Amino acid sequence: MTKITNHLPTKELQRLDAAHHMHPFTEDAALAKKGARIITRGKGVWLTDSEGQEIIDGMAGLWCVNIGYGRKDLAEVAARQMEELCYYNTFFQTSHVPAIALAAKIAELAPDDLNHVFYAGSGSEANDTNIRLVRRYWEVKGQPEKNILIARKNGYHGSTMGGGSLGGMAGIWAQGGLPIPNITHIGEPNWWAQGGDMTPEEFGLLRARELEAKIEELGADRVAAFIGEPIQGAGGVIVPPATYWPEIQRICDKYGILLIADEVITGFGRTGNWFGSETFGIKPHIMTIAKGLSSGYAPIGGSIICDEVYETIAGSGEDFNHGYTYSGHPVAAAVALRNLELMQEEGIVEHVRDVAHPYLMERWQALADHPLVGEAKLVGLMGSIALTPNKDSRAPFASDAGTVGYRCRERCFANNLIMRHVGDRMIIAPPLVITPAEIDILIARATKSLDECYAGLKSDGLLKAA
Ligand SMILES: *Cc1c(COP(=O)(O)O)cnc(C)c1O
């Protein structure tokens, strides 16, 4: 294995990291004792760390490196754009070629009349924009009191004040006074954990109808929009029952509520179509995009807006008083555009649908035979397995939620596989370019990790149901 020598020794990097770098979503003092794993390069679905270990990345970074690591094309586009026009804004009646060309490309790929793009630097920022957009829409329509957004518990929409408020993560709300006013939440369509004796179909309807009850409770004249991820990602890759989205759509249509699909993970091929909304038959007014838009090569996000919402706000006779210095940043936009072109030229969405998904599906579902695994779910290249001490009752473990998942993730880490845990669910979302041979390696390492985790739980007496 090649030893990488163009950086400081691992111990020294870890010392400097601990001394000066505060990590997101991390207990920093605990990490400082242990030392972060330092990633030094990436190629395809593979990462290398500062010790020369070769790791298979089952999470595409944070669900974003869809086209795989190390694409020379994208590096060249970024370098060319920096020389030509490193930065210009799109505020004061100016525009530039990358922002224009990318917006046109996104409108071409997005379904129906989702024809207008408002740029942000990330998914969180884009969701903050969406709060402003839907409230502005109803203001212009003469209904300023129609300003409440309904979202879901255990949804994830980012970690800014707006994004964190739309999200339904208890851990985020516990710190810093979230959610902000006029955002409210209904239950999640998580049949495995919450469906009891119902069929998934019954439970999907039950959860969707919580939206109707909430609208009735608040009054439709108070509700601006509903937001949801087609598949909850950070919540644990929770695939909703087939009945769920059609019922949500029916309710939004019936009460005249705007529908926002947060496609930050599900957008750009992840589910085997360009957008998760196509996979689930959702017709949103607004989509949130980020992550796979640039395959993580540059920070960029945005909102794709339908004709009606766009025309209302654009024709209000006033400025829309909102924007970011880096809205449509030319380097990020040029990289994102080339990323989407490469996805088209190389047929990567078709690769997911026709090759990678069917192959992984067979192998992923076989994991459900493992003694530790209850259900195994996979849509496109977004999958999860539920760890359980009792497959029939779907019981959680007696230990604190997440204890077993954390132990399993530790085994994966040790076996050079990146697979995350959310509570006691293990999740994957590999780069979309993953090949069948690489899927074999991923599954072999996952199986080894599950075996080791199971043996450890057994010897520590932790295989008990709550
Ligand atoms: C990651 C994510 C976000 C937030 O995106 P950032 O770029 O991290 O701000 C929003 N929504 C969903 C569904 C996400 O997965």
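Residues numbered from 1 in each chain as written. Predicted model: local features only at pLDDT ≥ 70, side-chain atom pairs only at ≥ 80, totals over all residues. Heavy atoms only, no water.

(A) Representation of the overall build of the protein in the model. Scanning the protein for helices and strands turns up 17 helices and 15 strands. Taken over C-alpha atoms, the radius of gyration comes to 22 Å for the protein, in line with the 23 Å a tight globule of 466 residues would show. Overall size of the protein, expressed as C-alpha extent along the three principal axes, is 70 × 60 × 45 Å. Counting all 466 residues of the protein, 55% fall into the buried class. Within the protein, contacts between residues separated by at least 24 positions form 70% of all contacts whose residues are at least 6 apart in sequence. Put simply, the protein shows about 19900 Å² of open surface, and 54% of that area lies on carbon and sulfur atoms. Averaging the coordinates of the 43 positive side-chain charges in the protein and doing the same for the 56 negative ones gives two points 6 Å apart. (Helix = DSSP H or I, 4+ residues; strand = E, 2+ residues; numbered from the N terminus. Rg over C-alpha atoms; globule rule 2.2 N^0.38 Å. Buried < 20%, exposed > 50% of the residue type's maximum accessible area, 1.4 Å probe, protein only. Contact = heavy atoms within 4.5 Å. Areas by Shrake-Rupley, 256 points an atom, 1.4 Å probe, with all protein chains shown as cover. Lys, Arg positive; Asp, Glu negative; His and termini not counted. Charge placed at Lys NZ, Arg CZ, Asp CG, Glu CD.)

(B) Representation of the site of the ligand in the model. All residues in the neighbourhood of the ligand are listed as Ser122, Gly123, Ser124, Asn127, Tyr156, His157, Gly158, Glu229, Asp262, Val264, Ile265 and Lys291. In this structure, an oxygen atom belonging to the ligand sits 2.9 Å away from a main-chain N or O atom of Gly123. Taking 380 Å² as the accessible area of the ligand by itself, protein coverage stands at 84%. Per-element accounting of the shell around the ligand gives the leading share, three residues, to helix H6 (residues 123-140). Residues of the shell around the ligand, tallied by class, amount to three nonpolar, six polar and three charged. (Near = heavy atom within 4 Å. Polar contact = N/O pair within 3.5 Å; in protein donor to acceptor, adjacent residues only side chain to side chain. Nonpolar A, V, L, I, M, F, W, Y, C, P; charged D, E, K, R; others polar.)

(C) Structural view of the environment of His21. Within the secondary structure layout, His21 lies in the loop between helix H1 (10-20) and helix H2 (28-34). Classification of His21 by relative accessible area gives partly exposed; the value is 40%. The spacing of His21 and Lys11 is 10 residues in sequence and 15 Å in space, taken between C-alpha atoms. Separated by 2.7 Å, the side chains of His21 and Asp17 make a polar contact. Reaching out from His21, the side chain makes a polar contact with the side chain of His23 at a distance of 3.4 Å.

(D) Examining the nonpolar core more closely. Counting 86 residues, the largest nonpolar core has Leu102, Phe275, Leu293, Trp364, Ile385 and Leu387 as its most contacted members. Here this core gets nine residues from one element, more than from any other, and that element is helix H14 (residues 330-345). Residue-level mapping places this core at the junction of two domains, with at least three residues from each of domain 1 (37-70 + 347-459) and domain 2 (73-345). Apart from residues no more than four positions distant in its own chain, Ile385 is found in contact with Trp364, Leu367, Val373, Glu375, Ala376, Asp424, Arg425, Met426 and Leu450. (Core = buried A, V, L, I, M, F, W, Y, C linked by side-chain atoms within 4.5 Å. Domains from an automatic or database assignment.)

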